Amino acid sequence: MKDIVQEIEDYFKNIKAVYGPRLFLDHALQDAEVTSTEPVTPTSVKTQPRPVASKKSFKSHVPPQTSPELEAYFQEIKECTACALSATRTHFVFGHGNAKADILFIGEAPGQDEDEQGIPFVGRAGQLLDKMLRAIGLSKDEVYIANVLKCRPPQNRDPLPDEVLKCEPYLQHQIELINPKILVALGRVAGNTLLRQESALTTLRNQVFTYKERPLIVTYHPAALLRNPRWKISSWQDLKKIKKLLSEL
Ligand code: URA
């Protein structure tokens, strides 16, 4: 009994810390999520209109990679022109974090903030990702964060198959260099792209897949959680699943 009470207390404490004080415990909303076929895209958050600035106004403050191997690989590929996205990017967003991380988070592609700064998940979604990590006892310095695509697609549209074909080997080599125990895809698009599926997020969330010989879990994109706070209960369940899996590996 004490365990259940503790569990409930922890749940509310963490939900409040991560998503704020507003509660969403309505079962109808939970059911709506389970049956929803609407794509879970972070689009509305990622496409907020912003003042247009010229490329030159962004200075690169990209911190060095945390291992010589990753830094050398970054230097090797950062001028990539394999697809058309290279023509419109401000920065090639290689990835950032601990070169020996046990857990590697994989987003879909850089958004505007990330393109401007050259670092993944630095915008509003990234701030929520920070809080989600802290809720499971991790900091951004302990994990590695990268994207399927290294360059921002115009208007944050979904990655095109040809772009994935050209860019995915970069991610796969990063996985080899970092050698994480577990991979976490953030969002339906990242999950489906890596797994070559067209599944709903609810389907993807309920399985542990294998990618590059490692367990891959798919969970909500933080930007989707910003748009749909009712998913925070399920998101919290995913975070606990990730933490448990990590502790077992
Ligand atoms: N969304 C992503 O998928 N990746 C980022 O780096 C930022 C937002």
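Data block above holds the structure.
In short, a report on the structure. Since the model is a prediction, treat every value here as computed from it, not as a measurement. (Residues numbered from 1 in each chain as written. Predicted model: local features only at pLDDT ≥ 70, side-chain atom pairs only at ≥ 80, totals over all residues. Heavy atoms only, no water.)

## A short note on unusual backbone geometry
Stage number 1. The phi angle at Phe121 is positive, at roughly 50 degrees, despite the residue not being glycine.
Stage number 2. With respect to the helices, strands and loops of the structure, Phe121 is situated in the loop between α6 (112–117) and α7 (124–135).
Stage number 3. For Phe121, a relative accessible area of 5% gives the class buried.
Stage number 4. Its identity as a non-glycine residue notwithstanding, Glu213 has a phi of 60 degrees, on the positive side. (Helix = DSSP H or I, 4+ residues; strand = E, 2+ residues; numbered from the N terminus. Buried < 20%, exposed > 50% of the residue type's maximum accessible area, 1.4 Å probe, protein only.)

## A few points about the side chain of Thr219
Stage number 1. One can find Thr219 in strand β6 (residues 214–219).
Stage number 2. Side chain to side chain, Thr219 and Asp238 meet in a polar contact 2.6 Å long.
Stage number 3. Once residues lying within four places of it in the same chain are set aside, the contact partners of Thr219 are Val184, Ala185, Leu186, Gly187, Leu201, Arg205, Asp238 and Ile242. (Polar contact = N/O pair within 3.5 Å; in protein donor to acceptor, adjacent residues only side chain to side chain. Contact = heavy atoms within 4.5 Å.)

## Considering the site of the ligand
Stage number 1. Among the 10 residues in the neighbourhood of the ligand, the closest are listed as Glu108, Ala109, Phe121, Asn147 and His221.
Stage number 2. Residue Glu108 places a main-chain N or O atom 2.8 Å away from an oxygen atom belonging to the ligand.
Stage number 3. Within the side chain of His221, one N or O atom sits 3.0 Å away from an oxygen atom of the ligand.
Stage number 4. For the ligand, the accessible surface in isolation is 240 Å², of which the surrounding protein chains cover 98%.
Stage number 5. Across the shell around the ligand, the residue classes break down as 4 nonpolar, 3 polar and 3 charged. (Near = heavy atom within 4 Å. Areas by Shrake-Rupley, 256 points an atom, 1.4 Å probe, with all protein chains shown as cover. Nonpolar A, V, L, I, M, F, W, Y, C, P; charged D, E, K, R; others polar.)

## Thoughts on helix α4 (residues 68–77)
Residue pairs three or four apart in sequence face the same way in an α-helix, which turns once every 3.6 residues.
Stage number 1. The set of residues buried in α4 consists of Leu70, Tyr73, Phe74 and Ile77. Angularly, the buried residues of α4 cover 105 degrees about the axis, an arc narrow enough to put them on a single face. Relative to its buried face, α4 has exposed residues pointing more than 90 degrees away, namely Pro68 and Glu76.
Stage number 2. Of the surrounding secondary structure, the elements contacted by the buried residues of α4 are β3 (144–147) and α8 (161–178). (Arc of directions from axis to C-beta.)

## Regarding the packing of aromatic side chains
Stage number 1. Under the counting rule described, the total for this entry stands at 5 aromatic pairs.
Stage number 2. For the ring pair Tyr73 and Phe94, a centre distance of 6.0 Å and an interplane angle of 70 degrees mean the geometry is edge-to-face. Residue Tyr73 is found in helix α4, and its partner Phe94 is found in the loop between α5 (85–88) and β1 (96–97); the two are separated by 21 residues along the sequence.
Stage number 3. Since its relative accessible area comes to 9%, Tyr73 is described here as buried. (Phe/Tyr/Trp six-rings, centres within 6.5 Å; stacked < 30°, edge-to-face > 60°.)

## Some details on the pattern of salt bridges
Stage number 1. On inspection of all chains with the given rule, the structure shows 8 salt bridges.
Stage number 2. In this structure, Asp102 engages Lys181 in a salt bridge whose closest nitrogen and oxygen atoms are separated by 3.9 Å. Linking Asp102 in the loop between β1 and β2 (103–107) with Lys181 in the loop between α8 and β4 (182–186), this pair joins segments that are 79 residues apart in sequence.
Stage number 3. Asp102 sits in the partly exposed class, given a relative accessible area of 35%.
Stage number 4. Put simply, Asp162 and Lys166 hold a salt bridge, and the shortest N to O gap is 3.2 Å. On the criterion of helical spacing, the pair formed by Asp162 and Lys166 is a turn pair, its members being 4 residues apart in helix α8.
Stage number 5. Residue classification places Asp162 among the partly exposed positions, given a relative accessible area of 41%. (Salt bridge = Lys/Arg side-chain N within 4 Å of Asp/Glu carboxyl O.)

## Details of the pairing of β4
Stage number 1. Burial within β4 is extensive, with 5 of its 5 residues counted as buried.
Stage number 2. The alternating pattern of β4 places Ile182, Val184 and Leu186 on one face and Leu183 and Ala185 on the opposite face, and all of these are buried.
Stage number 3. With 4 bridges connecting them, β4 and β6 associate as parallel partners. Directly across from Leu186, in β6, lies its bridge partner Thr219. (Pairing = 2+ DSSP bridges.)

## Focus on the pairing of β2
Stage number 1. Burial within β2 is extensive, with 5 of its 5 residues counted as buried.
Stage number 2. Here β2 shows no split at all, with Ile103, Phe105 and Gly107 on one side and Leu104 and Ile106 on the other all buried.
Stage number 3. Alignment of β2 against β4, held across 4 bridges, turns out to be parallel. Bridge assignment links Ile103 to a residue of β4, and that residue is Ile182.

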